[in-house]
Every structure is written in C-alpha cells, then in structure tokens.
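Report on the structure
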Amino acid sequence: MRSPKLAIGVSLLTLALSALTTINAWAEVSTEKAQQLMEQCQKKTVQHRDGKKLTGNPVKSESNAKSYKPGEPFELHINFTGHGNTVHNVTCQIDGQGKVSFKEVDQSGSAKK
C-alpha cells in the first residue's frame, strides 16, 4: 500500500509540471530566435521582386517576432527604415514547420506591430 504522503507528493509534482508546461507554451521565443526569424524574413524580402528596393535599408527594432510560438503558423511583421519618416512594413508567413516566406510590403509613416 502506498503512503498517503507519497501520493500527495506525486500529485503535487504532476500538477506543478503541468503548470510549467502550460506556462512554457505561452512563453515568448528567445531574443536570439526572434532575431533569426527577422533575419530570415529580411533575406526573403530583399530576394523578392517587391522587396528589392529595400536592399541595404536597416530593419527597425519593432517586430512581433517574440510572439511566435514554434509549431504554429504565424504572420511576422518587421519594419524597414525608409527615407525621411517612411517605414516599410514587411509581412512574412511562418508555417507550422518554421519555414519563413515573404508575403508583402507596405509603405507608411509608422511602424506596424
């Protein structure tokens, strides 16, 4: 017969692990992974016909890359600095396997988040 204290301990441990797994699922990706996603999107953008004009333009720090959850499709937004106050809002798609592809680029006066 198992000890009641042992059963309670195992139950509490199971509950704690379950809570940690749930919290991890909501956690943001690391800064390094977010930077990699932005770099992949930037590369795909300047290779695309619609994004060639952005070659050499710096990427602004605003991005939603840290909200990406691995294994889920995601729409990534990064912003390139343009001339004057112009911001080029780039959208890339990330599929369930993590593959990044260019979707579109808009031009505005402010960053899109």
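Located above this text is the structure these notes cover.
Definitions and limits used
Residues numbered from 1 in each chain as written. Predicted model: local features only at pLDDT ≥ 70, side-chain atom pairs only at ≥ 80, totals over all residues. Heavy atoms only, no water. Helix = DSSP H or I, 4+ residues; strand = E, 2+ residues; numbered from the N terminus. Pairing = 2+ DSSP bridges. Axes fitted to C-alpha atoms, helices over the stretch in contact; angles between N-to-C directions. Salt bridge = Lys/Arg side-chain N within 4 Å of Asp/Glu carboxyl O. Buried < 20%, exposed > 50% of the residue type's maximum accessible area, 1.4 Å probe, protein only. Contact = heavy atoms within 4.5 Å.

Brief notes about the environment of K53
By the secondary structure assignment, K53 is in the loop between helix 2 (31-47) and strand 1 (59-63). As a C-alpha pair, K53 and G82 span 29 residues in sequence and 9.9 Å in three-dimensional space.

Considerations on the sheet that holds strand 4 (residues 100-108)
Taken in spatial order, the four strands make up an open sheet running 1-2-3-4, and their pairing is antiparallel. Either end of the sheet is taken by a strand with one partner, and the two such strands are strand 1 and strand 4. In this sheet, neighbouring strand axes are inclined to one another by 30 degrees on average, regardless of whether the strands run parallel or antiparallel. With two bridges joining them, strand 1 and strand 2 (residues 74-81) adopt antiparallel strand pairing. Bridge pairing in strand 2 links V59 to F80.

Describing the pattern of salt bridges
In the structure shown here, the tally under the stated rule is two salt bridges. In this structure, the salt-bridge partner of R49 is D50, at a minimum N-O distance of 3.3 Å. Exposure remark for D50: the relative accessible area of 34% places this residue in the partly exposed category. A salt bridge links K103 to E75, with the shortest nitrogen-to-oxygen separation between them at 2.8 Å.

Topic: the environment of F80
By the element assignment, F80 lies in strand 2. Looking at F80, the relative accessible area reads 0%, which means it is buried. Counting along the chain gives 18 residues from F80 to E62, while the straight-line C-alpha distance between them is 9.3 Å. The residues touching F80, leaving out its near neighbours within four places in the chain, are Q42, T45, L54, N57, P58, V59, K60, T86, V87, H88 and V90.

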